[in-house]
Amino acid sequence: MDNQANGSSQDLVKKRKRKRSKGSKAKGNESVSPEVEVLPANSSQNKKIKFNDLDEVATTNSIAPGPKVETIEEPVYEESSTLKADGAAPKITPKGKSTVVKYVDEEDSDSDDANNFNISRSSLQLSDRARELLNVRRNLPIYHHKEKITQFVSENQVTIIIGETGSGKSTQIPQFLIPENSKAIAVTQPRRVAAASLAARVSEEYGCKLGTDVGYQVRFTNMSNHRTKLKYLTDGMLLREIMLDRELKKYTTVILDEAHERTILTDLIMGFLKSLIVSGARKDLKVIVMSATLNAELFSRFFNNAPILYVEGKMYPVTQMYVTGESNEDIVDCVIRSIIKVNITEPEGDVLCFLAGQEEIDNCVKSLEQLAPQLPREAPLIVPLPLYAALSPHQQSKIFEKLPKGRRKVILATNIAETSITVPGVKYVIDSGLRKVKIWKHNLGLSTLLTTPISQASARQRAGRAGRECAGKVFRLYQESEYLSLPKQQESEIKRNDIILPILTLKKLGIDDLLNWTWLEDPGQESILSALNTLYTLGALNDAGKITNLGYKMSVLPLPPQLSVVLISATELGCLAPVIDIVSCLSVDNLILNVSGEQRDEINFKRRSYCPKGNTNGDLIALYEFYQSFQSLGKEWCQEMMFSYKGFKNVSKIKNQLKEYMLATVKQDDSISENEKDKQMAKLRSQFEDGDEVLDIPAILKSFLKGFITNTAVGMPDRSFRTFNSGQLISIHPSSVLFGKSNLDAIMYIEYVFTTKGYARNCSAIELSWLQEVAPHVIGGNKVNIN
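Residues numbered from 1 in each chain as written. Predicted model: local features only at pLDDT ≥ 70, side-chain atom pairs only at ≥ 80, totals over all residues. Heavy atoms only, no water.

Colleague: Whenever I open this one, the packing of aromatic side chains confuses me. Can you help?
Modeller: Here the distance between the centres and the angle between the planes together describe a pair of aromatic rings. By the definition in use, this model includes 13 aromatic pairs. Ring centres 6.4 Å apart and planes at 45° place the aromatic pair Trp 637 and Phe 648 in the tilted group. Remark: Phe 648 occurs in helix H23 (residues 645-667) and Trp 637 occurs in helix H22 (residues 619-641); sequence separation between them is 11 residues. Taking relative accessible area as the criterion, Trp 637 reaches 4% and is therefore assigned buried. An aromatic cluster of three or more residues is present, and its members are Tyr 610, Phe 626, Tyr 627, Phe 630, Trp 637, Phe 643, Tyr 645 and Phe 648. (Phe/Tyr/Trp six-rings, centres within 6.5 Å; stacked < 30°, edge-to-face > 60°. Helix = DSSP H or I, 4+ residues; strand = E, 2+ residues; numbered from the N terminus. Buried < 20%, exposed > 50% of the residue type's maximum accessible area, 1.4 Å probe, protein only.)

Okay, structure coming up:
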């Protein structure tokens, strides 16, 4: 990795970690340019979110002239409800409210659909539960404006709704619209966790079993059917539906929730919906863009000055505090010290800490578990709980459980807790000011995960978590001057990530003028050309830039394009069964648990005894051998080897899903006859049953090489490697079974990470001759000089 390429962001992070000093509270105002219509409410003026002296005006920064903006003002509420973690009737508490989802507590409920807690309840139980929750819903700010919202949506084809934190927009607006729609309603979410938890909550409120009238669909899990009226789904799933049915005929309303997160797929969906509306193909389709932050003018301008509806939330004042004292190089140590200080000095109330990533969270949890029993008994006992996307729904649900008196929950989370998920009882927020983002380097053809400072919008979102039920405090581990120097909004994904999947999708739909397509935010010519080059390398595009038959099949699979190529290539090479096993393992996070300290060498030695072929050929073959061992040895073996037993259970589930998707690539191939389809289907099914045959390791690795041809590196005499396409230095990650091995001519890797230097993860040993064999259109006559 080029050090200069990372210079600015790394310097900011180092500054954030090492320079802490006392700051004062910021002050500021944001102006409003368009006309604002105020609906009658209990008070006579607009309500503002107050963070002590910092007033956030509840409108957009600078909406361009044109869009109509209406503000729904929140009435004054004297009481609201909190749903108990044990599923009992809501307890009325003064001045506060929260939306809590309870997951079923089962020993092995670690799969994606482990939150299907109401599927076994009777109709009577469901209706009783819905009546109980109606009292909770009536206390939500948004519920009192049901008629106005439905009228506003019915009068406009596109509506931009800005709902403050705590307004209840994600759960209530879709329910308001169910009676108004003759077909289904789709609600997109950027994260699987949010899609599943929101659907579970709304199904309870609506009084139905999850997966019937209200359901959800995420990758590898579909809890819905053709009669489902309201479906929460990830943006990737809706994009897949657009590819299968460009006019989205089964929906009359599409709601894009959490639009402020600006994922690549959300931007792409907006482009498709605008094209659909402008063309007049779906005059009956309603589009609602919902956001939690004040960025409405961008969405409004994109949809030809669509009207904006503003719904205020219930927010209590949050006092801002800045850390004081000497500089601290270790952010984990700084967070732990802050937690202990808050626990000793502040009254009761739970603590929510925002950290950059899983590694920092796990380190904090481990340290706090060791320190908690040693702290003064006068203070509450700290109960640390992690929260990040890789955790199962069952593990995530622990943050909602009520603790006995004398204990304090300390939730350590990534930015997953900024929106969508509301945790009751949180009164204090500790903000590290850092997050991890994936950055794509066009010049290197590599993406890497970097720790970077957050934006001002994210800082406000994090602080707002402390003001949901009562007045709270936020402890920012950075200076006021640093806060003011942060960007106003986070850079959108489309500006910092590769856009291979969006470009493949556009090509599949016959769109060739990529530069002039209806981008919400143009990714730029360099990014588009890089994606086109990658797709050509993968074989998804031909020399003329048209999509190939391989490209069509890739677009059907709900996988990154590289892994789609791997599966399709494995079909041709006759090794689909083991490749599906490996791809399923790669699709599960934290399958192989990290081991630190004295146990690491011992556990690694034990693990390697179960992957004799992997020790020679690399991590992909080792994953296959581990999965085979799991199938025969089960849970106790996983515990002994420090593998995730529940993760391997998810592997089995994903494996079955991938088989169905592979069959779908044949079913949906209109370029072949029905007779040919039957032959190919029979061939696929026969491969699924070939698991007991001798493992064809070269064929397996060549299948992966087809998808990851650009992720290859040539061995150097000093055991380092140079990437084939850019000549960058890269080393095998210490977690790999190939770490320390000598005489490797070349390697292929699935993932690139950059810490102190560039590392290749999930490495496999390959032969140089395979490069020419697998991708002659890319390698051509290139000569590789390993000296």
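Colleague: Is there a simple way to think about helix H7 (residues 264-279) in this case?
Modeller: Given 3.6 residues to a turn, an α-helix orients residues that are three or four positions apart in the same direction. Taking 1.5 Å of rise per residue, the 16 residues of H7 would be expected to cover 22 Å, and the 23 Å separating its terminal C-alpha atoms lies within 8% of that figure. When you tally the buried positions in H7, you get 12 out of 16 residues, the bulk of the element. Structurally, H7 contributes buried residues whose contacts are with helix H6 (235-244), strand E12 (251-256), strand E13 (286-291), helix H8 (296-302), helix H14 (493-496) and helix H15 (500-508). A positive backbone phi angle near 80° is found at Gly 280, which sits one or two residues after H7. (Expected span 1.5 Å × (residues − 1). Contact = heavy atoms within 4.5 Å.)

Colleague: Please explain the environment of Lys 366 as it appears in this structure.
Modeller: Positionally, Lys 366 belongs in helix H10 (residues 358-371). With 18 residues separating them in the primary sequence, Lys 366 and Pro 384 have C-alpha atoms 8.5 Å apart.

Colleague: I keep staring at the sheet that holds strand E26 (residues 746-754) and nothing clicks. Help me out?
Modeller: What holds strands together in a sheet is hydrogen bonding between their backbones, with the strands either parallel or antiparallel. Pairing in this closed barrel of 5 strands is mixed, and the strands run E23-E24-E25-E27-E26 around the ring. Taking each pair of neighbouring strands and ignoring which way they run, the sheet shows an average axis angle of 50°. Both strand E23 (residues 712-715) and E26 contribute to a ladder of 3 bridges, which runs antiparallel. Bridging from a neighbouring strand, Thr 712 pairs with Met 748 of E26. Against the sheet, helix H25 (residues 697-707) touches E23, E26 and strand E27 (758-766), its axis set at about 50° to E26. (Pairing = 2+ DSSP bridges. Axes fitted to C-alpha atoms, helices over the stretch in contact; angles between N-to-C directions.)

Colleague: Help me out: how do you make sense of the nonpolar core in this one?
Modeller: Soluble globular proteins tend to pack their nonpolar side chains together in the buried interior. One finds Ile 160, Phe 648 and Phe 704 to be the most contacted residues of the largest nonpolar core, which totals 128 residues. Here this core gets 11 residues from one element, more than from any other, and that element is H22. Apart from the residues lying within four places of it in its own chain, the contact partners of Phe 704 are Leu 563, Val 566, Val 579, Ile 582, Val 583, Leu 586, Leu 620, Met 748 and Ile 750. If you look at the next biggest cluster of nonpolar residues, it comprises 31 residues, including Tyr 143, Ile 185, Val 187 and Ile 288. (Core = buried A, V, L, I, M, F, W, Y, C linked by side-chain atoms within 4.5 Å.)

Colleague: I keep staring at the side chain of Asn 181 and nothing clicks. Help me out?
Modeller: Along the polypeptide, Asn 181 turns up in the loop between helix H4 (169-177) and strand E8 (184-189). At a separation of 2.5 Å, a polar atom in the side chain of Asn 181 contacts the side chain of Thr 253. (Polar contact = N/O pair within 3.5 Å; in protein donor to acceptor, adjacent residues only side chain to side chain.)

Colleague: Honestly, the pairing of strand E14 (residues 308-311) in this entry has me stumped. Any pointers?
Modeller: Within a regular strand, the side chains alternate between the two sheet faces. Going residue by residue along E14, you find Ile 308 and Tyr 310 tucked away on one face and Leu 309 and Val 311 tucked away on the opposite face as well. Summarising the sheet, strand E7 (residues 158-163) and E14 pair through 4 bridges and their orientation is parallel. Each bridged residue has a counterpart across the sheet, and for Ile 162 the counterpart in E14 is Tyr 310.

Colleague: Would you explain the pairing of E27 in this entry?
Modeller: Burial of E27 is extensive: 7 of the 9 residues sit out of reach of the surface. Here 2 bridges tie strand E25 (residues 729-732) to E27, and the two strands are oriented parallel to one another. Bridging from a neighbouring strand, Ile 732 pairs with Ala 760 of E27. Where E26 meets E27, 8 bridges bridge the pair, whose relative direction is antiparallel. Residue pairing across strands places Met 748 opposite Ser 764, the latter belonging to E27. Hairpin connection, E26 to E27: the antiparallel pair is bridged by 3 residues.

Colleague: Whenever I open this one, the packing of helix H18 (residues 561-573) against H25 confuses me. Can you help?
Modeller: To characterise two packed helices, one gives the angle between the axes of the helices and the distance between these axes. Where H18 meets H25, the axes come as close as 7 Å, and the angle between the chain directions of the two elements is 140°. For the element pair H18 and H25, the recorded crossing hand is right-handed. On H25, the residues that touch Gln 562, Leu 563, Val 565, Val 566, Ser 569, Ala 570 and Leu 573 of H18 are Ala 699, Lys 702, Ser 703, Phe 704, Lys 706 and Gly 707. Of the residues that constitute the contact of H18 with H25, the class distribution is 7 nonpolar, 4 polar and 2 charged. (Left-handed = near helix turned anticlockwise from the far one by under 90°. Nonpolar A, V, L, I, M, F, W, Y, C, P; charged D, E, K, R; others polar.)

Colleague: Can you walk me through the confidence of the model for the protein chain in this structure?
Modeller: Predicted coordinates in areas of low pLDDT are best not read in detail. Mean pLDDT over the protein chain stands at 79; residues scoring 70 or higher make up 80%. Between residues 1-10, whose pLDDT stays under 50, and residues either more than four places distant or in other chains, the model counts 18 contacts. Counted against residues more than four places away or in other chains, residues 15-117, with its pLDDT under 50, gives 295 contacts. (pLDDT = per-residue confidence, 0-100.)

Colleague: Where do I start with the environment of Ala 372 in this structure?
Modeller: Among the secondary structure elements, Ala 372 is positioned in the loop between H10 and strand E17 (381-387). Relative accessible area serves as the criterion here: at 10%, Ala 372 is assigned to the buried category. Separated by 12 residues in the primary sequence, Ala 372 and Pro 384 place their C-alpha atoms 8.9 Å from one another. Among residues more than four places away in sequence, those in contact with Ala 372 are Leu 381 and Ile 382.

Colleague: Just checking my understanding: could you explain H18 for this structure?
Modeller: If you check H18, its first and last C-alpha atoms are 18 Å apart, about what 13 residues at 1.5 Å a residue would give, namely 18 Å. Counting buried positions along H18 gives 10 out of 13 residues, so the element sits mostly inside the fold. Within H18, the full set of buried residues consists of Pro 561, Leu 563, Ser 564, Val 565, Val 566, Leu 567, Ile 568, Ser 569, Ala 570 and Thr 571.

Colleague: When you look at unusual backbone geometry in this model, what are you seeing that I'm missing?
Modeller: Residues other than glycine predominantly adopt negative phi, and peptide bonds predominantly adopt the trans conformation. Positive phi, normally seen in glycine, also occurs at Glu 258, with a value near 55°. With respect to the helices, strands and loops of the structure, Glu 258 is situated in the loop between E12 and H7.

Colleague: Could you clarify how one ought to interpret the packing of H22 against H23 in this entry?
Modeller: Two elements in contact, H22 and H23, have axes whose closest approach is 9 Å; the angle formed by their N-to-C orientations is 145°. H23 is crossed by H22, and the crossing has left-handed handedness. Each of Phe 626, Tyr 627, Phe 630, Gln 631, Gly 634, Lys 635, Trp 637 and Cys 638 in H22 lies in contact with H23, whose residues at this interface are Tyr 645, Phe 648, Lys 649, Val 651, Ser 652 and Lys 655. Its residues placed into classes, the contact of H22 with H23 shows 8 nonpolar, 3 polar and 3 charged.

Colleague: How should I be thinking about the sheet that holds strand E16 (residues 350-354) in this particular structure?
Modeller: The strand order E15-E22-E19-E16-E18-E17 describes an open sheet built from 6 strands, whose pairing is parallel. Two strands in the sheet have a free side with no partner beyond their single neighbour: strand E15 (318-322) and E17. Averaged over all pairs of adjacent strands, the angle between strand axes in this sheet comes to 20°, irrespective of strand direction. Two strands pair when backbone bridges link them, and E16 and strand E18 (residues 407-413) are joined in this way by 4 bridges, in the parallel orientation. Its bridge partner lying in E18, Cys 353 is registered against Leu 412. Lying over the sheet, helix H9 (residues 331-345) contacts E16, E17, E18, strand E19 (426-431) and strand E22 (472-476), oriented at roughly 155° with respect to E18. Helix-sheet contacts for helix H12 (residues 456-464) involve E15, E16, E19 and E22, and the interaxial angle to E22 is about 140°.

Colleague: Would you mind going over the environment of Leu 515 with me for this structure?
Modeller: With respect to the secondary-structure elements, Leu 515 resides in the loop between H15 and helix H16 (525-538). With a relative accessible area of 43%, Leu 515 lands in the partly exposed category. A C-alpha to C-alpha distance of 7.9 Å links Leu 515 and Ile 528, two positions 13 residues apart in sequence. Discounting chain neighbours no more than four positions away, the residues touching Leu 515 are Asp 522, Gln 525 and Ile 528.

Colleague: Teacher, can you tell me more about the pattern of salt bridges here?
Modeller: As a working rule, side chains carrying opposite charge can pair if their charged atoms are close by. In this structure the tally under the stated criterion is 26 salt bridges. One salt bridge in this structure joins Asp 128 and Arg 131, with 2.2 Å as the shortest N-O distance. Note that Asp 128 and Arg 131 are positioned in helix H2 (residues 123-138) at a spacing of 3 residues, about one turn of the helix. When its relative accessible area of 32% is taken as the criterion, Asp 128 is described as partly exposed. Connected through shared salt-bridge partners, Arg 129, Glu 132 and Glu 204 make up one network. (Salt bridge = Lys/Arg side-chain N within 4 Å of Asp/Glu carboxyl O.)

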